[in-house]
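Each chain, written out:
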Amino acid sequence: MSEQKRNVPKLRFPGFTDAWEQRKLGEVAKIVGGGTPSTSIPEYWNGDIDWYSPTEIGDSVYAEGSRKRITKSGFQACSATMLPAERTILFTSRAGIGNMAILRRSGCTNQGFQSLVVDDCNDTYFIYSMGDSIKEYAERNASGSTFLEISGKQLACMSTMVPSLSEQALIGSFFRDLDDLITLHQRKLDHLKLQKRGLLQKMFPRDGSDGPEIRFPGFTDAWEQRKLGEMVNVRSGQDYKHLSEGDIPVYGTGGYMLSVDKALSYSKDAIGIGRKGTIDKPYLLRAPFWTVDTLFYAIPKAENDLDFIHSIFQKIEWRRRDESTGVPSLSKTAVTRIDVFSPSSAEQALIGSFFRDLDDLITLHQRKLDHLKLQKKALLQQMFI
């Protein structure tokens, strides 16, 4: 392969043919550390200068305001540097190395950062889109006896490949639009989950009430208080053997059974919940299924709707039922003795169907989001060297 071909990405915008140039990261951006004013001097704090810590970075593309702010005197009393808006990429350099965010307004950081101040000859979002490779380099070259940390000098030595500013700008704009789309889908997904949380509160009776705040038309009868064990048969999972490719899911392992003497359920769907470790994430088990011994599974008794009971399981605060002092755990008794309210089978079916449809919509948005993230990952590999 020629040197020319090695220095171009697999996928490019039309009109660009020049080879990319090898540069050090310190040649395209100034690497800037941070500092912390004395916490014992009140006059240094609660000012109007943004001052970021690493725990604030990672959930969003942009940093638009810090949780803590310092005063002018606090800024002058420490080694923090004022970082320019839109040209700075905050980069966490210790204990969670490689979280990044583009600074939306001028501010500074504590010493847990080695931020990149991109020069005028390079595009900020293009450099930000190189984040995975920068993080990988930083993690590989970090050192320290107390905790791993990458220094500004080490980070500046990273070799990278960059095209002309005009090509950088197009690539940066492309990934900015893609990130905006991902953020939009994430917000829709978060909104749906919040809606569901609110509806679980309003469509089931609250403490001291025998009916919910919101009901389907035509239903007025009081709900009946019952023990959860009166509505479902709660059974323990069992050990599995001969794990191999097949048709019967082995929940808790991600594998499948080729054959078993008798699946725990051939014809009835159920609700699964961990009895050790992850006890707060119930999910549906579709028949036929086999479960491992660290799980309970609950099969609805006659005249009880599976999706309705699944909604009850999602509403219960399982962590409050934790009976351990170490690894979270549940007992069958703790599950069966929970007090719940139940309406008629007809109302159960409507509520269950409503939340099943809402869960399907949430799953659809999650899949779209996951697909976009996979697309982005693939495009990053093809559009960068």
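Every value quoted in this text rests on a predicted model; they were computed, and no experiment measured them.

(A) Fine view of the overall build of the protein chain. Check the secondary structure of the protein chain and you find ten helices and 19 strands. Radius of gyration (C-alpha) of the protein chain: 27 Å, far over the 21 Å computed for a compact globule of 385 residues. Counting only C-alpha atoms, the protein chain reaches 70 × 60 × 45 Å along its principal axes. Across the 385 residues of the protein chain, 43% fall into the buried class. Across the protein chain, every contact between residues at least 6 apart in sequence was considered, and the portion connecting residues at least 24 apart equals 69%.

(B) The environment of Trp290, seen in detail. Mapping Trp290 onto the fold places it in strand E17 (residues 290-291). For the pair Trp290 and Ile248, spaced 42 residues apart in the sequence, the C-alpha separation amounts to 6.9 Å.

(C) Quick peek at the side chain of Lys196. For Lys196, the position within the fold is in helix H7 (residues 165-202). Since its relative accessible area comes to 10%, Lys196 is described here as buried. Sequence-distant contacts of Lys196, that is, excluding residues within four places in its chain, are made with Gln314, Phe355, Leu358, Asp359 and Ile362.

(D) Layout of empty space enclosed by the protein. Per the counting criterion, the structure on display carries one cavity of 30 Å³ or more. What the largest cavity holds in volume is close to 40 Å³. If you trace the largest cavity, you find it lined by Val234, Ile271, Ile273, Phe296, Tyr297, Ala298, Phe313 and Val335. Looking at which element gives the most residues to the lining of the largest cavity, the answer is strand E18 (residues 295-300), with three residues. Considered class by class, the residues forming the lining of the largest cavity number eight nonpolar, no polar and no charged.

(E) Region of interest: the nonpolar core. The biggest cluster of nonpolar side chains holds 68 residues, and the ones touching the most others in it are Leu116, Leu155, Phe175, Phe204, Leu228, Trp318 and Phe384. Per-element accounting of this core gives the leading share, nine residues, to helix H10 (residues 345-383). Grouped together as the second largest cluster of nonpolar side chains are 14 residues, Leu264, Leu285, Leu295 and Tyr297 included.

(F) A look at the sheet that holds strand E16 (residues 283-285). Judged by pairing direction, the sheet is antiparallel, and its four strands sit side by side in the order E12-E18-E15-E16 without closing on themselves. Since the sheet does not close on itself, it has two edges, and those belong to strand E12 (232-236) and E16, each with one partner. Across the sheet, the mean angle from the axis of one strand to that of its neighbour is 35 degrees, orientation sign disregarded. Pairing of strand E15 (residues 270-274) with E16, which is carried by three bridges, proceeds in the antiparallel orientation.

(G) The pattern of salt bridges, seen in detail. Under the criterion given, the structure shown has 18 salt bridges. Linking Arg215 and Glu347 is a salt bridge whose minimum nitrogen-to-oxygen distance equals 2.8 Å. Remark: Glu347 occurs in helix H10 and Arg215 occurs in the loop between H7 and strand E11 (224-227); sequence separation between them is 132 residues. In the salt-bridge network here, residues are joined through shared partners; they are Asp50, Arg69 and Arg105.

(H) Inspection of the layout of surface pockets at higher detail. Approximately 1,300 Å³ is the volume attributed to the largest pocket. Around the largest pocket, the lining comprises 36 residues; the ones closest to its centre are Ile312, Phe313, Gln314, Lys315 and Ile316. Taken as a whole, the second largest pocket encloses approximately 940 Å³ of empty space. Lining the second largest pocket are 26 residues, and of these Gly58, Ser60, Val61, Tyr128 and Lys376 lie nearest its centre. At six residues, the largest contribution of residues to the lining of the second largest pocket is made by H7. For the lining of the second largest pocket, the class distribution of residues is seven nonpolar, eight polar and eleven charged.

(I) Quick peek at unusual backbone geometry. Cis geometry is adopted by the peptide bond preceding Pro288, which originates at Ala287 and carries an omega value of -5 degrees. In this structure, Pro288 sits in the loop between E16 and E17. Phi angles above zero are rare outside glycine, and Asn46 is one such case at about 65 degrees. Assignment of secondary structure puts Asn46 in strand E3 (residues 45-52). Its relative accessible area of 75% is what places Asn46 among the exposed residues. Residues other than glycine seldom take positive phi values, yet Glu303 does so here, at roughly 70 degrees.

(J) Quick peek at the sheet that holds strand E6 (residues 88-91). The sheet built from five strands is open, its strands ordered E2-E9-E6-E7-E4 with mixed pairing. Sheet topology places strand E2 (29-32) and strand E4 (62-63) at the edges, where each strand pairs with a single neighbour.

Parameters and conventions
- Residues numbered from 1 in each chain as written.
- Predicted model: local features only at pLDDT ≥ 70, side-chain atom pairs only at ≥ 80, totals over all residues.
- Heavy atoms only, no water.
- Helix = DSSP H or I, 4+ residues; strand = E, 2+ residues; numbered from the N terminus.
- Rg over C-alpha atoms; globule rule 2.2 N^0.38 Å.
- Buried < 20%, exposed > 50% of the residue type's maximum accessible area, 1.4 Å probe, protein only.
- Contact = heavy atoms within 4.5 Å.
- 1 Å grid on protein atoms, 1.4 Å probe; cavity = no way out; pocket = protein on both sides within 12 Å on 5 of 7 lines; lining within 4 Å.
- Points joined across faces, edges and corners; volume = space filled by probe spheres on them.
- Nonpolar A, V, L, I, M, F, W, Y, C, P; charged D, E, K, R; others polar.
- Core = buried A, V, L, I, M, F, W, Y, C linked by side-chain atoms within 4.5 Å.
- Pairing = 2+ DSSP bridges.
- Axes fitted to C-alpha atoms, helices over the stretch in contact; angles between N-to-C directions.
- Salt bridge = Lys/Arg side-chain N within 4 Å of Asp/Glu carboxyl O.

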